[in-house]
Amino acid sequence: MSNQKKLWSGRFEKGLSGIVEQFSESISFDRRLYRQDILGSKAHSNMLVEAGLMTAEERDAVHAGLAEIQSEIEAGTFEFRQDREDIHMNIEGALIERIGDPARKLHTARSRNDQIATDVRLYMREEIDALIQRIRSLQRALFDLAEKSRDVILPGYTHLQRAQPILAPHHLMAYMDQLDRDMERLGDCRRRVNRSPLGAGALAGTTLPVNRHQTSEELGFDEPIQNSIDAVSDRDHIIELISACAIISMHLSRLAEEWVLWASEEFGFIKMDDSVATGSSIMPQKKNPDPMELVRGKTGRVYGHLMSILTVTKGLPQAYNRDFQEDKEPLFDALDTVYACLQVTEEFARNIEFNRARIEASLGQGHLDATTLADYLVLKGLPFRSAHAVVGKLVHIAVNRSLPLDKLALSQFQAECNLIEQDVFDFLGVKNCVRRFQSYGSTGPGPVADQMAAWKSRLTGP
Ligand code: ARG
């Protein structure tokens, strides 16, 4: 049995079982909310003074005590106690020890239910802002790589089969667009995060004359949550943020998968700097893309956290239930994991380069120019479906002779379609193909330069 008296133990005759105490503590993981908890307590005590529920001197003592506790936590000298359960009780308990009665007024018109909801929202707000910065930074790294490889032509794939030639920057900017939507999602989620539950009390609000608008404003929230039950009951924003994290992970995992493939001998599209590759303990020749494999692998735990929070919240009646304590570890780990994955992906992006020689050597394979040849016939007046059939036959001939299309003789082209003239050779080969793309958002040099110019101005902004 725990021998320390709990702050809530008035009605109890016996202490809490040690087993239960250890099972139900959250200080081991919610201590990371100390700063937000102190911020909330400072705003709350300021408001209590305005409401006539605390004197200015008492508030000053509370603030000084909280500041002292904060420095001790940051210096690593504060003693976190499991018997005080969570971050709220640890700080309040320590404050009472230090300054006595003024600290006993701090929990006036407040419950841990609105307190934890406030702390987590403040924490999420900061984390969202940090994630948005990280995403921007990764976009910059991708953009730098795109600029360095402006003229690199890659085989584009569908079904992982060679399809049409594309410019490397076009491919890289597709990742950047995915990441942009992630930023939008985070920004959208932030609007719902940034509302204040403080002053909702346990669930019903309070009979005391508090001013929830004041604390909301002081803490930088957009507004107080209008329903006190919803204020302590809502965990939608946590689900949303983990969901946004899961989508970011999915994007990073797709990118990781491609880069792992690209680093292989079979593709040979990228060269990794030694600083971002790892060796094998047995095979001396190996140089592995481990960081990107781990980015791909860590997606699993983020998806797991999403399933976890969805399951924890299902079936819970309105208002606070202790089950909610289980929302924190999934949230923290999803945020930590995605942050680290963004960071390592950026590090990788900054330390790879395209293997131009290898890429170019294989561009003749896969008849990447076949669709452009069909477009050529369309320009000559043939309906597209007929052009498709003609080119299909030409590809068949080329495959049988193991030749690229541009190595067939004009007479062979003309045997299939008499609309074909000498100028067909200006349409064949990947270089000719790529420069002919001109539709909005396509892979031609013009549209790609437009995309890059648009990105450049966005990336030089905030
Ligand atoms: N540690 C709790 C949590 O994370 C704080 C709120 C506890 N409230 C309560 N009434 N037991 O959810």
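That block above? That's the structure.
Residues numbered from 1 in each chain as written. Predicted model: local features only at pLDDT ≥ 70, side-chain atom pairs only at ≥ 80, totals over all residues. Heavy atoms only, no water.

K.L.:
Looking at this model, I keep getting lost on the pairing of strand β2 (residues 161-167). Mind explaining?
P.N.:
Side chains on a regular strand alternate between the two faces of the sheet. Where strand β1 (residues 153-158) lies against β2, five bridges are found, and the strand directions are antiparallel. Paired with Pro-155 across the two strands is Pro-165, which belongs to β2. Connecting the antiparallel pair β1 and β2 is a turn made up of two residues, with His-159 showing a positive phi of about 55°. (Pairing = 2+ DSSP bridges. Helix = DSSP H or I, 4+ residues; strand = E, 2+ residues; numbered from the N terminus.)

K.L.:
Just to check I follow, could you spell out the site of the ligand for this structure?
P.N.:
Neighbouring residues of the ligand: Ser-26, Asp-30, Asp-86, His-88, Arg-112, Asn-113, Ile-116, Tyr-320, Arg-322, Gln-325 and Lys-328. Lys-328 is positioned such that a nitrogen or oxygen atom in its side chain is 2.7 Å from an oxygen atom of the ligand. Protein contacts shield 88% of the accessible area of the ligand, which totals 340 Å² for the unbound molecule. The leading source of residues in the shell around the ligand is helix α7 (residues 112-148), at three residues. The residue inventory of the shell around the ligand, partitioned by class, reads two nonpolar, four polar and five charged. (Near = heavy atom within 4 Å. Polar contact = N/O pair within 3.5 Å; in protein donor to acceptor, adjacent residues only side chain to side chain. Areas by Shrake-Rupley, 256 points an atom, 1.4 Å probe, with all protein chains shown as cover. Nonpolar A, V, L, I, M, F, W, Y, C, P; charged D, E, K, R; others polar.)

K.L.:
Looking at this structure, how should I read the environment of Phe-80?
P.N.:
Structurally, Phe-80 is set in the loop between α4 (56-75) and α5 (87-99). When the C-alpha atoms of Phe-80 and Ala-94 are compared, they prove to be 9.4 Å apart, with 14 residues separating the residues in sequence.

K.L.:
Please clarify how the packing of aromatic side chains should be interpreted in this entry.
P.N.:
A ring pair, where both rings are aromatic, is described by two values, the distance of the centres and the angle of the planes. Per the counting criterion, the structure on display carries 12 aromatic pairs. Taking 5.1 Å as the distance between ring centres and 65° as the angle between the ring planes, the aromatic pair formed by Tyr-123 and Phe-332 counts as edge-to-face. Separated by 209 residues along the polypeptide, Tyr-123 in helix α7 and Phe-332 in helix α13 (residues 328-349) bring together distant segments of the chain. Among the residues examined, Tyr-123 registers a relative accessible area of 6% and is labelled buried. We note Arg-134 situated over the ring of Tyr-339; from NZ or CZ to the ring centre the distance is 5.3 Å. Above the ring of Phe-427, the side-chain terminus of Arg-436 is found at 3.6 Å from the ring centroid. (Phe/Tyr/Trp six-rings, centres within 6.5 Å; stacked < 30°, edge-to-face > 60°. Buried < 20%, exposed > 50% of the residue type's maximum accessible area, 1.4 Å probe, protein only. Lys NZ or Arg CZ within 6 Å of the ring centre and 35° of its normal.)

K.L.:
Help me understand the pattern of salt bridges in this model?
P.N.:
Close approach of charged atoms allows side chains with opposite charge to pair. Considering all chains together, one arrives at 37 salt bridges under this definition. Arg-350 serves as the salt-bridge partner of Asp-144, at 2.9 Å between the closest nitrogen and oxygen. Taken together, the residues span a long stretch of sequence, with Asp-144 in helix α7 and Arg-350 in the loop between α13 and β6 (352-354) at a distance of 206 residues. Using a relative accessible area of 31% as the deciding quantity, one classes Asp-144 as partly exposed. Linked by salt bridges that have partners in common, Arg-81, Asp-83, Arg-84 and Glu-97 make up one network. (Salt bridge = Lys/Arg side-chain N within 4 Å of Asp/Glu carboxyl O.)

K.L.:
How do you make sense of α5 when you look at a structure like this?
P.N.:
Between its first and last C-alpha, α5 extends 18 Å over 13 residues, near the 18 Å set by a 1.5 Å rise per residue. With 10 of 13 residues buried, α5 lies mostly within the body of the structure. What α5 keeps buried is the set Ile-87, His-88, Met-89, Asn-90, Ile-91, Glu-92, Gly-93, Ala-94, Leu-95 and Ile-96. Buried-residue contacts for α5 involve α2 (27-30), α3 (34-50), α4, α6 (101-104) and α7. Where α5 begins, the side chain of Asp-86 points an oxygen toward the backbone nitrogen of His-88, at a separation of 3.3 Å. Looking one or two residues past α5, Gly-100 carries a phi angle of roughly 65°, positive in sign. (Expected span 1.5 Å × (residues − 1). Contact = heavy atoms within 4.5 Å.)

Keep in mind that these numbers describe shape and distance, not what the molecule does.
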